[in-house]
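# Structural features, examined
Chain residues, written in single-letter form:
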Amino acid sequence: MLIRGPKNVLMEEAESSHGGVGAYRVRTLMTKEFSSALKYIRELRLEPGSSIGRHPHIGDEEIYYVISGSGTMLVDGETADIHQGDAVLTKSGSSHGLSNNSTEELVIFVVCAGYC
C-alpha cells in the first residue's frame, strides 16, 4: 500500500509559478508510481495575492480541485470564480492560470494525466 502525505512528503516553497506572481507551496505526492497515463498528483497552496501564470497543456490534461479558499480561474480566455468543492479541467491544447485574489490561502489538489 502506498500512502503519501504530510508525514512523509515535504512541502516545497517557491515563487512565480509559470510566470505568475507571489509565493506558493507544493507537495508532490506521486509521480513515477503510476501504471497508467497519470503523471502526478500534488497539493498546492497559493498565498493571498499570488498567482499561477497562464500556461498551455499539450499532450496532457490537468484538474484543479479546490480544497479550501477561493480564487479566479482562467481557462482559454474565460474567467470564473472558484470556491471550495469546485473542480476545473484543463484539456490538452488549452491553457490556464489561477489567481488567489482573496485574503486567505487557496489550497488545491492537482491531478495531471498525459497521453502515452
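In this report, we go over the structure that sits alongside the text. These numbers were taken from a predicted model, which means no experiment stands behind them.

Attention shifts here to the nonpolar core. Within the largest apolar cluster, 17 residues are counted, with the highest numbers of intra-cluster contacts made by Leu-44, Leu-46, Tyr-64, Met-73, Leu-98 and Ile-108. Mapped onto this core, the elements with two or more residues apiece are strand E2 (23-30), strand E3 (38-46), strand E5 (60-68), strand E6 (70-75) and strand E10 (106-114). When residues of this core are assigned to their parent elements, the largest contribution, four residues, is made by E10. Residue contacts for Leu-44: discarding those within four places in its chain leaves Tyr-24, Arg-25, Val-26, Ile-52, Leu-106, Val-107, Ile-108 and Val-110.

So, about the sheet that holds strand E4 (residues 51-57). Strand order in the open sheet made by the four strands is E4-E9-E6-E7, with antiparallel pairing throughout. Bordering the open sheet on either side are E4 and strand E7 (78-83), each of which pairs with just one other strand. For this sheet, the mean angle separating the axes of adjacent strands, direction not counted, is 20°. Bridge count between E6 and E7: six bridges; the pairing is antiparallel. Note that in E7 the partner of Gly-71 across the bridge is Ile-82.

Reading the values: the criteria
Per chain, residue numbering runs from 1 following the sequence as it is written. The predicted origin of the model limits local features to residues at a pLDDT of at least 70 and limits the giving and counting of side-chain atom pairs to 80 or more, whereas totals for whole chains, interfaces and linings rest on all residues. Side-chain measures were taken over the full set of non-hydrogen atoms in the model, leaving aside hydrogen atoms and water. The set of buried Ala, Val, Leu, Ile, Met, Phe, Trp, Tyr and Cys residues whose side-chain atoms join them within 4.5 Å is what this entry labels a nonpolar core. Accessibility here uses a 1.4 Å probe with only protein chains present; expressed as a share of the type maximum, an area under 20% marks a residue as buried, one over 50% as exposed, and anything in between as partly exposed. The helix and strand labels rest on DSSP assignments: H or I over at least four residues marks a helix, E over at least two residues marks a strand, and numbering proceeds from the N terminus. Residue contacts are counted whenever heavy atoms from the two residues lie within 4.5 Å of one another. Between any two strands, pairing holds if DSSP finds at least two bridges. Helix axes are fitted only over the stretch in contact, all axes being lines through C-alpha atoms; the angle between N-to-C directions runs from 0 to 180 degrees.

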